[in-house]
Amino acid sequence: MSVLIAFLSLLVEFVLGYPDWLFRAIGHPVTWFGRLISFLDLRLNRATDPDALRRQRGVQALLVIVLVPALTGLCVQLVLLWFVPLGWIIAVLLATSLLSQKSLHEHVEAVADALDSGGLDMGRAAVSRIVGRDPETLDRAGVCRAAIESLAENFSDGIVAPAFWTGVGGLAGGAAYKAANTADSMIGHHTPRHEAFGWAAARFDDWINLPASRLTALLIVLASFLVEGADPHGGWQAVRRDAKKHRSPNAGWPEAAMAGALGLALAGPRSYGGVMVDDIFMGEGGRRDVDSGDIRRALKLYRVADFLLIGLFGLIAVIAVLVF
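Model, not experiment: these values are computed from the prediction.

S.K.: Go over the overall build of the protein chain, please, and point to the residues and values.
M.R.: Each helix and strand in the protein chain was counted, giving 13 helices and 4 strands. C-alpha atoms of the protein chain, sized along the principal axes, occupy 55 × 55 × 40 Å. Across the 324 residues that make up the protein chain, the buried fraction comes to 52%. For the protein chain, long-range pairs separated by at least 24 residues make up 70% of all intrachain contacts whose partners lie at least 6 apart in sequence. Total accessible area on the protein chain stands at roughly 15200 Å², and carbon and sulfur atoms take up 65% of it. Computing the positive centroid from 29 side-chain charges and the negative centroid from 31, the protein chain places the two 4 Å apart.

Here it is as structure tokens:
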């Protein structure tokens, strides 16, 4: 049933996304998890405590952050499936809130549209909504590379991973993943405040994204066979050569696949909060002079890869229904 919920939620969210009116009315699971994380950070993370104690409390906080959504999701799913007529439909609709297929496409496409209609300043403003780097340091090619990198990484973190963990553990698995991933984005940073307290959140997020990042790279390479102008061999070679050189154990896989498939060089040196990060290029030797047309090529590749993901979950769901 979990795989079926994951498959149907992918289909529904692809078409409908997360409605703005619903966000305005009740917020979003990420905002709910964010409030819990902020509360725990405020209560448990004291600057006067030694790092060993802050790391221990970070582990305790992570357990709460993961277990509360997981247990809530489990109870909700059991109630819906056992006691509510057609409750599986509600479960599917709830699971769509853990995905971001439609919004990811819209936000990345908005960067290309802004560059084409308003130039560099508007492109920087649009890309600042989806990346954490300093937008004022980006030229036109830098804005385009940032958008494509965000597309590749968020395809893994925002779509493939929550679908994977929903397929494994239903609403409990999907909610636990989303909460842990939100914790990493909020407290899993190498800053004086979160170096120790956020250590557990960062390491746990690395671990739970391992399967999805590899699957995402494979989907992008396979999609390259179906997209005119994309190079599946280049994508595969870039993954094998560059993915493990990335400072993240996961982000390099989808970024390298996207870079190699499109013949681009992504990642590389960039600035966060005024600090330069000297990262390795994904797709080393690829073209660095990236433009808005390359964003649209990346979006086309993403759409096909997303269709393959939906088809994969559909196939697994059919097999599961027939077998069980």
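S.K.: Can you tell me about the environment of Arg54, naming the residues and giving the values?
M.R.: Relative to the assigned elements, Arg54 resides in helix H4 (residues 51-83). Separated by 140 residues in sequence, Arg54 and His194 place their C-alpha atoms 8.8 Å apart. Look past the residues within four positions of Arg54 in its chain and what remains in contact with it is Asn45, Arg46, Ala47, Asp49, Pro192, Arg193, Ala196 and Phe197. Within the local environment of Arg54, its side chain forms a polar contact with the side chain of Asn45, the two groups lying 2.9 Å apart.

S.K.: Kindly report on helix H7 (residues 120-127), identifying the contributing residues and their values.
M.R.: Within H7 the residues assigned to the buried category are Gly123, Ala126 and Val127. The buried residues of H7 occupy an angular sector of 90° when the element is viewed end-on, so they sit on one face. On its buried face, H7 sits against helix H6 (101-118) and helix H8 (140-187).

S.K.: Describe the environment of Asp51, and please don't skip the residues or the numbers.
M.R.: Within the secondary structure, Asp51 sits in helix H4. On a C-alpha basis, the gap between Asp51 and Ser97 in space is 36 Å, while along the polypeptide they are 46 residues apart.

S.K.: Please provide a residue-by-residue account of the layout of surface pockets, values included.
M.R.: Empty space among the atoms becomes visible once a probe the size of a water molecule is rolled across them. Taken as a whole, the second largest pocket spans an internal volume of roughly 570 Å³. Forming the boundary of the second largest pocket are 24 residues, of which Pro29, Trp32, Leu94, Ser97 and Leu98 lie nearest the centre. Those elements that place two or more of their residues in the lining of the second largest pocket are helix H1 (2-16), helix H2 (20-26), helix H3 (29-44), H4, helix H5 (87-96) and H8. Per-element tally for the lining of the second largest pocket: the top contributor is H4, with 5 residues. The class makeup of the residues in the lining of the second largest pocket is 19 nonpolar, 5 polar and no charged.

S.K.: Lay out the side chain of Asp49 with the relevant residues and their values.
M.R.: By secondary structure assignment, the location of Asp49 is in the loop between H3 and H4. The residues touching Asp49, leaving out its near neighbours within four places in the chain, are Leu44, Arg54 and Arg57.

About the cut-offs
Residues numbered from 1 in each chain as written. Predicted model: local features only at pLDDT ≥ 70, side-chain atom pairs only at ≥ 80, totals over all residues. Heavy atoms only, no water. Helix = DSSP H or I, 4+ residues; strand = E, 2+ residues; numbered from the N terminus. Buried < 20%, exposed > 50% of the residue type's maximum accessible area, 1.4 Å probe, protein only. Contact = heavy atoms within 4.5 Å. Areas by Shrake-Rupley, 256 points an atom, 1.4 Å probe, with all protein chains shown as cover. Lys, Arg positive; Asp, Glu negative; His and termini not counted. Charge placed at Lys NZ, Arg CZ, Asp CG, Glu CD. Polar contact = N/O pair within 3.5 Å; in protein donor to acceptor, adjacent residues only side chain to side chain. Arc of directions from axis to C-beta. 1 Å grid on protein atoms, 1.4 Å probe; cavity = no way out; pocket = protein on both sides within 12 Å on 5 of 7 lines; lining within 4 Å. Points joined across faces, edges and corners; volume = space filled by probe spheres on them. Nonpolar A, V, L, I, M, F, W, Y, C, P; charged D, E, K, R; others polar.

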